[in-house]
Every structure is written in structure tokens, then in C-alpha cells.
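# Structural characterization, general
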Amino acid sequence: MYSRRIEDRVLKLGHEGMLYRNSFIMYDHQTNSHWVHTTGECVKGKLKGKQLRFIPSSVMTWGAWRKLNPMSLVLEGEMTRGFMGTFRLNAKSPNRYGISIGQGATAKLFSIKSLLVNPVVQDRLGDDDVVIFFDKESLHATAWIRGKNEFRQVDGKILDQRGREWNAMLGQPIGADNASEKMRPIAATVWLIERWRGFYPKASSPSPKDK
Amino acid sequence: MTAAKDSTLDDDEAIIGVVVEGEARAYPVAVMGHIELGNDTCGQTPFAVSW
């Protein structure tokens, strides 16, 4: 998911009808530049080299989402199945998928397999200390700029260095009445690992088993 | 877009969810699999959803 604002422009994006490294190409109506839908990078046209800004989003079940966001709106429309209309991220195929954070040379990938073993990952992304929380039941990940917070998982709960329990979906301590403690989210996107390596051949997979 | 309370979507359907400027929106994967790309706006933030 991307912001459509580039500098002083608001782009309207359409489907170009072609693939780039097995990822479909978007075009903008304003300049007809070409954008890669999986990375947000402009690869052709007047805006070549520009980067759409990721907006953090989540992939989970509708039931889980509406419990978290009871006032949510939901898109209705024709539904399809098959490869494009089905997302069954399950623990039986953890080697196929990973969670990616960052972009370009700073991008990092954490396989579902590694996250099942270690569902709280603290790492660096550029100049930031970050944390990834992975829920083993929903197979859903969130990622946050953690600042000086240190996290560990104890009996299924996420605790900080002060022993406070955190809500992984909201990025804040449970029961916190101070919004300033909410961490800043970063985009954590689901990728087929093979496809991710095609886009980020020089980027790292921090988990030894992912290499 | 339909309010959550009025939606007939099954609870186990996968969705792409986003909260922008305090507004939550969900895009079912099965719908995105059909259209692949959508332009939307929350408040002053225009964004694109792709699948």
C-alpha cells in the first residue's frame, strides 16, 4: 500500500497490463510513468527513480480486523479465487513466504519459518532500531520503530524491559493512557521469498536459515 | 465501501487492512485478486492498494 502523493503531485494509478520481474506494472495518469506494484519504485518515464512511500498495512482475517477496528469500512465487489484471490499463509508452507521491511539496499526479509521460531525480532533498519511482532496463530506481522524499548516474549505475552505487556497490533503498552508511547509503524509486507530475492538481490535475510 | 456492521463478509476471509488519519479500511483479498489495484483517499491522504 502506497501514498499516491509524490512531491506536489497526487497520482492516479492504473494497471499497465505488463509484468516486471513477475510483478505487475502500474502507470500514473499524470505522466504515464511506470511503477512496480511490489516495490513502489518508478522504473520508466518522467518520474523514473522516484519511490512511492509505503503505508503500513496488515493482512489478516476479516474477523480479526473488525474486532480491532469495529468502525472500519470494507470494500465490496466481485470476488475471485485461484492464485490471485486466495491467501492461505499457513504454517505448513513457511518456507515460501516472508515478511519484508525497508526498501532498496536496506530491505530485509524474515521468513515465516524463522518468525514461527522467534516471533519477536529486534533489528536495525537504516538508522532505526525496529521490532517485528509475529502472531503465530493469525500468521500476521507488525513492525515498529522501537526507540529504546526492548522486548521479549514470555508465555505468549510481549513484555518490555519494565515488565509491561504490549499490544502487538497497536504498538503500545496495554492499558496505556499516554498516546506518546505508541510506536511508529513501518510497513511489513508479505512476499514470496523467491520473488523478493529477485527484487532485492543484495539485501539481507537476517535469519541464518533464510540465507 | 460498506460499514463493518453491515458487511456480510465471512470472518475467515483474508483482508488487507489500513488505518489512515484514524480511518480504518479493509480490502478483501478475493476482491483485490479481481481488480488488483485501487485508488482511495482517507482525509488528506491519497493512497493506492495493490495485490
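How each quantity is defined
- Residues numbered from 1 in each chain as written.
- Chains lettered and ligands numbered in written order.
- Predicted model: local features only at pLDDT ≥ 70, side-chain atom pairs only at ≥ 80, totals over all residues.
- Helix = DSSP H or I, 4+ residues; strand = E, 2+ residues; numbered from the N terminus.
- Buried ≥ 20, exposed ≤ 12 C-beta atoms within 10 Å, placed from the backbone.
- Contact = placed C-beta atoms within 7 Å.
- Nonpolar A, V, L, I, M, F, W, Y, C, P; charged D, E, K, R; others polar.
- Pairing = 2+ DSSP bridges.
- Axes fitted to C-alpha atoms, helices over the stretch in contact; angles between N-to-C directions.
- pLDDT = per-residue confidence, 0-100.

### Concerning the overall build of chain A
- Along the backbone of chain A there are four helices and 20 strands.
- Within chain A, the fraction of its 211 residues that count as buried is 32%.
- Of the contacts formed within chain A by residues at least 6 apart in sequence, a portion of 44% connects residues at least 24 apart.

### Brief notes about the interface of chain A and chain B
- At the junction of the two partners, chain A supplies 38 residues and chain B supplies 37 residues.
- Put simply, the parts of the chain that give the side of chain A that touches chain B at least two residues each are β1 (2–3), β4 (13–20), β5 (23–28), β8 (58–61), α1 (62–68), β9 (73–74) and α2 (82–85) of chain A.
- The class makeup of the residues in the side of chain A that touches chain B is 19 nonpolar, twelve polar and seven charged.
- Looking at chain direction, β9(A) and strand β3 (residues 23–28) of chain B are connected through two bridges and run parallel. Bridge assignment links A:Leu73 to a residue of β3(B), and that residue is B:Arg25.

### Some thoughts on the sheet that holds β1(A)
- Strand order across the open sheet formed by three strands is β1(A)-β5(B)-β4(B), with antiparallel pairing between neighbours. The outermost strands of the open sheet, each flanked by one partner alone, are β1 of chain A together with β4 (37–42) of chain B.
- As defined by bridge partners, β4(B) adjoins strand β5 (residues 45–50) of chain B across six bridges and the pair is classed as antiparallel. Bridge pairing in β5(B) links B:Cys42 to B:Thr45.

### A closer look at the sheet that holds strand β12 (residues 120–125) of chain A
Residues and elements named next belong to chain A.
- Pairing is antiparallel across the open sheet formed by four strands, whose spatial order is β12-β13-β14-β19. If you trace the sheet from one side to the other, it starts and ends with β12 and β19 (184–186), each paired once. Taken pair by pair, the neighbouring strands of this sheet meet at an average axis angle of 35 degrees, ignoring direction.
- Pairing of strand β14 (residues 140–145) with β19 involves three bridges; the strand directions are antiparallel. Residue Trp 144 lies in a different strand from β19, and its bridge partner there is Pro 185.

### Some thoughts on the confidence of the model for chain B
- Looking at chain B as a whole, its pLDDT mean stands at 92, while 100% of the residues score no less than 70.
- Per-element confidence in chain B ranges from a low mean pLDDT of 87 for helix α1 (residues 29–35) of chain B to a high of 96 for β3(B).

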